[in-house]
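# Architecture and fold: a report
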Amino acid sequence: LLYITWLSWLVFIMVLVLMLVAIGSCKCLLYRGEKLLALAREDQDSLFKNFSTITAGIKELKLHYQRRHFFLTHRLEATASRFRNHNVQGLTLFATTTSWGKLIFFFAIGFVLFILPHLFAIDNETLSGYILTFTYLMLPMDNISNNLPLISKASVALQKIESLGLSRSEEHTSELQSPDHLVCRLLLEKK
């Protein structure tokens, strides 16, 4: 940003306005996508609870057709369908955000290359400096946008862990370091 400001502060202001529009619109799409992935995570938890119910009550489900039919259609299939829909919608929003970001990036290059020279005088060194800088930034920006779904899923998982209230306080740390707990931990790690 310092380099392109040094090239031309007027062009930088125009590009900055375009960047603010791009960041705002992408943030809105990412926020909606993350909300959908959080809903998908809740649906996944419900789906696992339903699988646990099947395991625990398999005899009951085998004996009663109506209960089995109700459970499979109204609980299991409905939860699986909600999970699929929320997951697909969330990942679709992330793909849309990636495509939108690339479109704005190429629009910025076209704007600097074809529109700004008609609005005011820009020398060729400034134009080439902007285009080379944008081209250089293309690969890192692409890597960031491709990793956004993974980062959002990790954020949703971290929020889920924090909602469980699991923490290691100082009073529990000494208890975990006792010899009995160390032996248990070693036995569990061998399994």
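One can find the structure itself at the top, above this paragraph.
Residues numbered from 1 in each chain as written. Predicted model: local features only at pLDDT ≥ 70, side-chain atom pairs only at ≥ 80, totals over all residues. Heavy atoms only, no water.

## Regarding the overall build of the chain
How we decide: Here a helix means four or more residues in a row that DSSP labels H or I, a strand means two or more in a row labelled E, and each is numbered from the N terminus. Whether two residues touch is decided by their heavy atoms; if any such pair falls within 4.5 Å, the residues are in contact. All accessibility values rest on the Shrake-Rupley procedure with a 1.4 Å probe; residue burial counts only the protein chains present in the view.
Along the chain, the regular secondary structure elements total seven helices and zero strands. Reading the chain from its N end, one meets helices and strands in the order α-α-α-α-α-α-α. Contacts in the chain between residues far apart in sequence, at least 24 positions, make up 78% of those at least 6 positions apart. Of the roughly 13800 Å² that the chain leaves accessible, carbon and sulfur atoms contribute 67%.

## Considerations on the layout of surface pockets
The condition that has to hold: The rule is simple: put a 1 Å grid over the protein atoms alone, call a set of points where a 1.4 Å probe fits but cannot get out a cavity, call an open set with protein on both sides within 12 Å along at least five of seven lines a pocket, and count a residue as lining if it has an atom within 4 Å of a point. Grid points are joined across faces, edges and corners, and a volume is the space filled by probe spheres set on the points. Just so you know the grouping, Ala, Val, Leu, Ile, Met, Phe, Trp, Tyr, Cys and Pro go in nonpolar, Asp, Glu, Lys and Arg go in charged, and all remaining residues, Gly too, go in polar.
Of the volumes computed, that of the largest pocket is approximately 740 Å³. As for the largest pocket, its lining consists of 27 residues, and the residues nearest its centre are Ala22, Ile23, Gly101, Phe105 and Met141. At the level of elements, α2 (9-56), α4 (65-119) and α5 (124-163) are the ones that each hand at least two residues to the lining of the largest pocket. The dominant element in the lining of the largest pocket, judged by the number of residues it contributes, is α5, at nine residues. Class assignment for the residues of the lining of the largest pocket results in 19 nonpolar, five polar and three charged.

## Here's the deal with the environment of Phe114
What counts, and what does not: Note on classification: 1.4 Å probe, protein chains only; a residue is buried when its accessible area is under 20% of the maximum for its type, exposed when over 50%, partly exposed between these limits.
By the element assignment, Phe114 lies in helix α4. Look at Phe114 and you get exposed, because its relative accessible area is 56%. Considered as a pair, Phe114 and Leu127 are 13 residues apart in the sequence and their alpha carbons are 9.8 Å apart.

## Remarks on the nonpolar core
For clarity, the threshold we go by: In plain words, nonpolar cores are sets of buried Ala, Val, Leu, Ile, Met, Phe, Trp, Tyr and Cys residues tied together by side-chain atoms within 4.5 Å.
Counting 19 residues, the largest nonpolar core has Val11, Val15, Val112, Leu116, Tyr130 and Phe134 as the members making the most contacts within it. For this core, the secondary structure elements donating two or more residues are α1 (2-7), α2, α4 and α5. Considering every element that reaches this core, the biggest residue donor is α4, with seven residues.

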